Protein chains: 4
Amino acid sequence: MATFRNDYSEGAHPQILDALVRTNAEATCGYGRDAYCVRAAQAVRARFACPQADVHFMVGGTATNQALIAAALRPWEAVIAAATGHINVHESGAIETCGHKVLSAAVPDGKLTPDAVRTLVESHLDGDDGHMVVPRMVYVSDSTELGTIYTKAELTALHETCRALGLYLYLDGARMAQALAAEGNDLAPEDFAQLCDAFYIGGTKNGLLFGEALVIANDALKPYYRNIMKQHGAMLAKGRLLGVQFLAYFENDLWLALGRHAVEQAQTLADGLKKKGFKFYVNSPTNQIFPILTDVQYKTAQERFGCEFTAKIDETHTAARFVTSWATAPEAVQEALAAL
Amino acid sequence: MATFRNDYSEGAHPQILDALVRTNAEATCGYGRDAYCVRAAQAVRARFACPQADVHFMVGGTATNQALIAAALRPWEAVIAAATGHINVHESGAIETCGHKVLSAAVPDGKLTPDAVRTLVESHLDGDDGHMVVPRMVYVSDSTELGTIYTKAELTALHETCRALGLYLYLDGARMAQALAAEGNDLAPEDFAQLCDAFYIGGTKNGLLFGEALVIANDALKPYYRNIMKQHGAMLAKGRLLGVQFLAYFENDLWLALGRHAVEQAQTLADGLKKKGFKFYVNSPTNQIFPILTDVQYKTAQERFGCEFTAKIDETHTAARFVTSWATAPEAVQEALAAL
Amino acid sequence: MATFRNDYSEGAHPQILDALVRTNAEATCGYGRDAYCVRAAQAVRARFACPQADVHFMVGGTATNQALIAAALRPWEAVIAAATGHINVHESGAIETCGHKVLSAAVPDGKLTPDAVRTLVESHLDGDDGHMVVPRMVYVSDSTELGTIYTKAELTALHETCRALGLYLYLDGARMAQALAAEGNDLAPEDFAQLCDAFYIGGTKNGLLFGEALVIANDALKPYYRNIMKQHGAMLAKGRLLGVQFLAYFENDLWLALGRHAVEQAQTLADGLKKKGFKFYVNSPTNQIFPILTDVQYKTAQERFGCEFTAKIDETHTAARFVTSWATAPEAVQEALAAL
Amino acid sequence: MATFRNDYSEGAHPQILDALVRTNAEATCGYGRDAYCVRAAQAVRARFACPQADVHFMVGGTATNQALIAAALRPWEAVIAAATGHINVHESGAIETCGHKVLSAAVPDGKLTPDAVRTLVESHLDGDDGHMVVPRMVYVSDSTELGTIYTKAELTALHETCRALGLYLYLDGARMAQALAAEGNDLAPEDFAQLCDAFYIGGTKNGLLFGEALVIANDALKPYYRNIMKQHGAMLAKGRLLGVQFLAYFENDLWLALGRHAVEQAQTLADGLKKKGFKFYVNSPTNQIFPILTDVQYKTAQERFGCEFTAKIDETHTAARFVTSWATAPEAVQEALAAL
């Protein structure tokens, strides 16, 4: 049965799974020190044009955000995020449990702006009086939690704002492949290490069993990262599982092909819904779309396709989230279009 | 090449891997709410005779210890552990980062005793003056970090001490199957929920790709555990990977068979070494053994078999750790015996 | 020279200071276990009609908020506050450093409403999915950071909302005496323990050298509070200094007299400024007033009277904060009126 | 009635109190930005020969230790202390609540040694594997919790060990004046900033109402310390109370005179007890002495003089702690000698 609940409903893409099966019997050392992880890190550095970067393979996104932010910030420092940002809403306080305030900005379409960043920083300058937290990092996700993307100009502007204000820029790429496949995207993999101090390339939501590749470009954030990983229970014993998967992921740019497939399905669905007259909560060019349904339609769709609640629009309408993935069959999209 | 470095050098046991491959294409909901996790939790409750317990599937041991302890303790409370305990040494401060002191006791063979517990508790009673942390939990591992095991009488005595002193008893079963397979063991799976407030059944070190099953027997520790999991980045998106693996793990007691195999290989190695005249750092009946080698022997063995340093015994001798697993071939044991 | 910078510019009111001098040579036990603290706690319980409450004397407000909130919340729980709330802005992340998210609501006049509370709670209900923090406490201040006050009806409505939603209600009374002295106030000291789970009675901003009296009415929040105090470095060695001061503070309701004096000076100033045509940023009936000045006037007043910046109103106007205290001379008010 | 319970039983020395009374009516700015604090900081820098140091005035010792350590350490770093160290035992987990492990060493007489430090550091080196905390600071107290003192050679050796191993050296001087007055001491105030990265000069236990002066000599530990103070609720609103007291404290070296008086009383008591045949638990030359009493004697002394329990020596003997202070009258010493 077709599901549009999320992009991590199935196991792994066959090429990923094959790589795991093929290497299963080999004995390697643990904790990401094996040859697969070394080669996968090299593949990341090559593909993202950052030969000097540190690469760490993590099991999931929340753990990645938590460990990187805990490693980067001093106790009195805060991270700025869009109000809809994953770290601000859906990580059950993972950042606060490390002692840091998330300063959130209500911004349109889930995209942080230089102005929003500057306003928050300025309102937290108090000489050296010490009464307020000190903003020190900006967190963005691309694609965002609302399926929108940053253009190269927008990310560059944030980069420059961060440089001017002494902030780290960290990008959550849980759905990076989907962002890169979107219409309107002009960012390339090679741009991220130029514009960000650290970022991660999502795997879990794009065909891996699990896994995210964290890239630390800024030397200041590199030392002792493995200690922070371990301290947060985020160092996988059989670390080579991540190396093996990511090697397959980057082979012939499989990751981009999977992202492209997901986006095409979502946009086909969106186009079909638009033709049927549906409006959208936000105009998102990636694999998450947010059509506005009548409450009756929403209830039916929710039961049949697993789409999730996003917002109540008015007394009789609801914005729903439909998510496609590398595993979404074109037939499923047609099935949904027929049903709505 | 034979390796005795650890028990997580290979991927998964074939039956585990097959289960993952077989179910790979299915779509399920995420975060451990799928039918596989529900069934696997039921299998745990049945096998461990704790129909009322909560079961959560976790990716690794450190995250399990961290989340359970963070969920159980209030800010002023501490956990008691053997000085060699995993949480005291090898988790890079995972417990302290949640705000809790680990009160450690230097005990022989890595096994905590009621006396050691009582002494620590009594030295921290200060009326209600509030100047010291309040011991509130006892952490033990079975088998221990030194390969030793608790008898039923010993664990029962700890249980009674904990009850008398108002302490939770938590058991780290990263190598529980290996403990249950050891000579001298008289604990049964059915005992743990009777004697402990919470415990986990290790999978990573016994043939799973990854995974530990946390069992919470005490109602007081159940509420909001999922929030703590998420807060620590420990909620796997494709949670069903854990359910699928644990279902296969408990089928026909595969877990016990794997533990037995590991223990047999280690004890064959130990017996052979004893016959050759080697002494041991500690007398351990499980899959970790600690022969005392000359420094020259140690260096050779370390390079060839990946065994690890445990302690310097005197100016010319070193205690090494050899670990076997479900994947250790009997030939590897003979190869090691021949080489030493 | 007259100053309207804040209400803690001078030392202690003479009666407070005399009590300290008079008892200086006495030897007592430490850490708040002395007879002065015992009697002062009794005075608090009597004046606030809460014979069963626990009373702890703290040195300052931030430490009081931090310790109480750290004692009350579990790791996954959050506290709701007005966006202008002291814990949300001016405590340099004191709540987050204990691991808790502050969920803030943009509310008018710095006063939290049942609707704002309910909206935040509802948006954080996610079944037991565990992806979001769980709101568990409401923090209000009376008088607020904007000098406004809660009526008995308003505080009762918050109380009822909290009861209905399973939230603790905690009131920061750094300026409680000033609130009770305000026009429009209909709360009495006897109300607070009925309506709040915990609250504190401010001393620092009303004539003590330092000191706040925390009252814990809800039994659930009482255990081990002294441990939390100590853990946060908030247990004063010579605790009797707090007991001695608070005994004098409550003698013949000195505290209310001091609050009344402060409010009268501020309101005289406000009335005078209104007559001169000044508008106000917020209509506040206590000892903090917020006139809107031209930028030129603000600069002069800032230098001469130490008033602080509150908000930029438009390109040429600024809202300033003028604060009066128990020590403000009526002549100082006239001096300010003459100067503006 | 004579008490030997502790050295913070009375209020302030008359000269300290007079200074507070004299300046009580003055209006100053808050939070330690006033002229008294500025001048007192200058007095500290002059007396301790550290013109470049940052000086912060804190209310109490636990808060000072907590804030300095929280400011200095990164999340994966640990502090080394004697097992008897205040931060290890009597701060209710104040360091752990900031996320840091205290690595304790069982050392004689409460004095840390270079060997003990080196052993702990070496056992925590694990390449960059990341499985253990990283020792980064050494905490010592002078005089120690057992009344013993460090010689200049001993502190210099610790200093050199710390430099060699990349550790900060932090000295808790809660009873520094008493250490400097002890027989055998050859440290001078001018030495501390040369040998330590940070240290504090105790006031609470030597005649102030409250207060410790933290000196940060190492530039790396200076930034944003005020934010950490505020974050831990340790920034006193009427900060000038600390400046006023410390100015009086350093005037004509009153602090040293008070420390000398305390030590003389304790040593007179110790000499008298020795003449009577009493043995001692530890040989301490400062204002804390630890005679071994019969249990009957201990019980009587405890009731009459408030001395505290230190250790059970055998079935019929107890080591008790007698503490003298600036306020101890010579007659009290004679009274105790007569009674024992």
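Use the structure listed above.
Rules of the game
- Residues numbered from 1 in each chain as written.
- Chains lettered and ligands numbered in written order.
- Predicted model: local features only at pLDDT ≥ 70, side-chain atom pairs only at ≥ 80, totals over all residues.
- Heavy atoms only, no water.
- Least-squares fit on C-alpha atoms with pLDDT ≥ 70 in both.
- Contact = heavy atoms within 4.5 Å.
- Buried area = accessible area lost by both parts, 1.4 Å probe.
- Salt bridge = Lys/Arg side-chain N within 4 Å of Asp/Glu carboxyl O.
- Polar contact = N/O pair within 3.5 Å; in protein donor to acceptor, adjacent residues only side chain to side chain.
- Helix = DSSP H or I, 4+ residues; strand = E, 2+ residues; numbered from the N terminus.
- Nonpolar A, V, L, I, M, F, W, Y, C, P; charged D, E, K, R; others polar.
- Core = buried A, V, L, I, M, F, W, Y, C linked by side-chain atoms within 4.5 Å.
- Buried < 20%, exposed > 50% of the residue type's maximum accessible area, 1.4 Å probe, protein only.

Turning our attention to the relation of the copies chain D and chain C. The two copies are related by a screw operation: chain D maps onto chain C through 180° of rotation and 0.0 Å of translation along the axis, at an RMSD of 0.0 Å. Taken together, the rotation angle and the small translation identify this as a two-fold axis. In terms of C-alpha distance to the rotation axis, chain D has His232(D) as its closest residue, with the C-alpha 3.4 Å off the axis.

On to the interface of chain B and chain A. Counting from both sides, the interface comprises 43 residues of chain B and, opposite them, 43 residues of chain A. Of the roughly 3500 Å² buried at the junction of chain B and chain A (both faces included), carbon and sulfur atoms supply 55%. Applying the counting rule to chain B against chain A returns 0 salt bridges. If you look at where chain B meets chain A, you find 26 residue pairs in polar contact (both at pLDDT 80 or more). Contributions of two or more residues to the side of chain B that touches chain A are made by helix H1 (14-22), helix H3 (61-72), helix H9 (225-231) and helix H10 (240-250) of chain B. Partitioning the side of chain B that touches chain A into residue classes produces 17 nonpolar, 19 polar and 7 charged.

Before going further, it helps to examine the nonpolar core. Counting 133 residues, the largest nonpolar core has Leu112(C), Ile201(C), Leu112(D) and Ile201(D) as the members making the most contacts within it. Judged by nonpolar contacts, the second largest core, of 132 residues, contains Ala78(A), Phe199(A), Cys162(B) and Leu258(B).

The next point concerns the pattern of salt bridges. A side chain of one charge can pair with a side chain of the opposite charge if their charged atoms are brought near each other. Residue and element names in this part refer to chain D. Scanning all chains against the criterion turns up 64 salt bridges over all chains. Between Glu 77 and Arg 136 there is a salt bridge, with its nearest N and O atoms 3.5 Å apart. Separated by 59 residues along the polypeptide, Glu 77 in strand S2 (residues 77-82) and Arg 136 in strand S4 (residues 134-141) bring together distant segments of the chain. Note on Glu 77: relative accessible area 6%, which makes it buried. Owing to a relative accessible area of 27%, Arg 136 belongs among the partly exposed residues under this scheme. Between Glu 308 and Arg 321 there is a salt bridge, with the nearest N and O atoms lying 3.5 Å from each other.

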